[in-house]
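# Coordinate inspection notes
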Amino acid sequence: MTETKNIKGQPDVLPAALFGLCPHCGQKTLFANLTKFSNTCRACGLDFGRYNVGDGPAAFLTMVVGAIILGLALALEANFHPPIWVHIMLWVPLTVAAVVGLLRVTKAILLILEHRNQAREGSIDGSDGP
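Residues numbered from 1 in each chain as written. Predicted model: local features only at pLDDT ≥ 70, side-chain atom pairs only at ≥ 80, totals over all residues. Heavy atoms only, no water.

### Focus on the overall build of the protein
What counts, and what does not: Helix and strand definitions here come from DSSP, where helices need a minimum of 4 consecutive H or I residues and strands a minimum of 2 consecutive E residues; each element is numbered from the N-terminal end. Per-residue accessibility, obtained with a 1.4 Å probe over protein chains only, is compared with the maximum for each type, and a residue is labelled buried under 20%, exposed over 50%, and partly exposed between these values. Whether two residues touch is decided by their heavy atoms; if any such pair falls within 4.5 Å, the residues are in contact. Values of accessible area rely on a 1.4 Å probe in the Shrake-Rupley scheme; residue burial ignores everything except the protein chains shown.
Scanning the protein from terminus to terminus reveals three helices and zero strands. Secondary structure elements in the protein, listed N-terminal to C-terminal, are α-α-α. Considering the protein as a whole, with its 130 residues, one finds that 28% of them fall into the buried category. Taking contacts inside the protein between residues at least 6 apart in sequence as the whole, the part at least 24 apart equals 51%. Total accessible area on the protein is roughly 8,900 Å²; 65% of this is exposed by carbon and sulfur atoms.

### Things to note about the side chain of His 115
Heads up, the rule is: We call two N or O atoms a polar contact when they sit within 3.5 Å, provided that within protein one can donate a hydrogen and the other can accept it, with sequence-adjacent residues counted only if both atoms are side-chain atoms.
The residue His 115 is located in helix H3 (residues 84-117) in this model. A distance of 2.5 Å separates the side chain of His 115 from the side chain of Tyr 51, its partner in a polar contact. Those residues within four positions of His 115 in sequence are excluded, and the remaining contacts are Gln 10, Pro 23, His 24, Leu 46, Arg 50 and Tyr 51.

### What about the packing of helix H2 (residues 56-80) against H3?
What counts, and what does not: Lines are fitted to the C-alpha atoms to define the axes, a helix being fitted only along its stretch in contact, and any angle between axes, read from their N-to-C directions, falls within 0 to 180 degrees. Any angle between 65 and 115 degrees counts as roughly perpendicular, while under 35 counts as roughly parallel, over 145 as roughly antiparallel, and the rest as oblique. Handedness of a crossing follows from how the near helix is turned relative to the far one, being left-handed for an anticlockwise turn of less than a right angle and right-handed for a clockwise one. Put simply, Ala, Val, Leu, Ile, Met, Phe, Trp, Tyr, Cys and Pro go in the nonpolar bin, Asp, Glu, Lys and Arg in the charged bin, and everything else, Gly too, in the polar bin.
One can describe the packing of H2 onto H3 by two numbers: an axis separation of 9 Å at closest approach and a directional angle of 150 degrees. Regarding the angle of H2 to H3, the classification is roughly antiparallel. Viewed along their axes, H2 and H3 form a crossing whose handedness is right-handed. Between H2 and H3, the contacting residues are Pro 57, Ala 58, Leu 61, Val 65, Ile 69, Leu 72, Ala 73, Leu 76 and Glu 77 on the first element and His 87, Leu 90, Trp 91, Leu 94, Thr 95, Ala 98, Val 99, Leu 102, Leu 103, Thr 106, Lys 107 and Leu 110 on the second. Of the residues belonging to the contact of H2 with H3, the class tally is 16 nonpolar, three polar and two charged.

### Things to note about the side chain of Ser 38
Checked against the element boundaries, Ser 38 lands in the loop between helix H1 (13-19) and H2. With relative accessibility at 9%, the residue Ser 38 sits in the buried group. Of note is the side chain of Ser 38, whose polar atom sits 3.1 Å from the backbone oxygen of Thr 29. Side-chain polar atoms of Ser 38 contact the backbone nitrogen of Ala 32, separated by 3.3 Å. What Ser 38 contacts, discounting residues up to four positions off in sequence, is Thr 29, Leu 30, Phe 31, Ala 32 and Phe 48.

### Notes on the packing of aromatic side chains
Which entries qualify depends on this criterion: By convention, a stacked pair of Phe, Tyr or Trp rings (six-membered ring in the case of Trp) has centres within 6.5 Å and planes under 30 degrees apart, an edge-to-face pair has planes over 60 apart, and any other such pair is tilted. In this scheme, the term charge over a ring applies when either NZ of a lysine or CZ of an arginine sits within 6 Å of the ring centre and within 35 degrees of the ring normal.
Using the criterion set out here, one finds one aromatic pair in the structure. Measuring from ring centre to ring centre gives 5.2 Å for Phe 31 and Phe 37, while their planes differ by 20 degrees; the resulting arrangement is stacked. Of note, Arg 104 hangs over the ring of Phe 31, and the distance from its end group to the ring centre comes to 4.1 Å. Above the face of the Phe 37 ring, Lys 107 is positioned so that its terminal group lies 5.0 Å from the ring centre.

### Thoughts on a nonpolar patch on the surface
Let me state the cut-off plainly: What goes into a patch is any residue over 30% in relative accessible area without a salt bridge, connected to like charges within 9 Å or, for nonpolar side chains (Val, Leu, Ile, Met, Phe, Trp, Tyr), within 5 Å. We define a salt bridge as a contact between a side-chain nitrogen of Lys or Arg and a carboxyl oxygen of Asp or Glu at a distance within 4 Å.
Where nonpolar side chains cluster on the molecular surface, the patch consists of Leu 34, Ile 84, Trp 85, Ile 88, Met 89, Val 92, Val 96 and Val 100 and spans about 840 Å² of accessible area. By the secondary structure assignment, Ile 88 is in helix H3.

Right under this line is the structure:
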């Protein structure tokens, strides 16, 4: 496994993801709103649109958060047998908060790692285009 070197001025991956920092200059410009990336960094001009994060974080979080919430809901039901409204009032907001909160972080981690590793579409012959 290769480690990516941290160039001077670039923040570490986890703090950058948690605080929405630009992977190039470290300014807090990565997100335009809760989970949408800005088009470019307002400080250094890095184009965030050239990175393709895709649906990977959402699919991953659906499985992981869903499995955790399901396990907790089943444990609560098996031990305490609460009415259905307790499950609804407890698990729906918790699921939404976990997915939205973690979606922001996982999207940022993927974008930052794409930038650090200069990831791009692959090609068989090593050329950049067809």
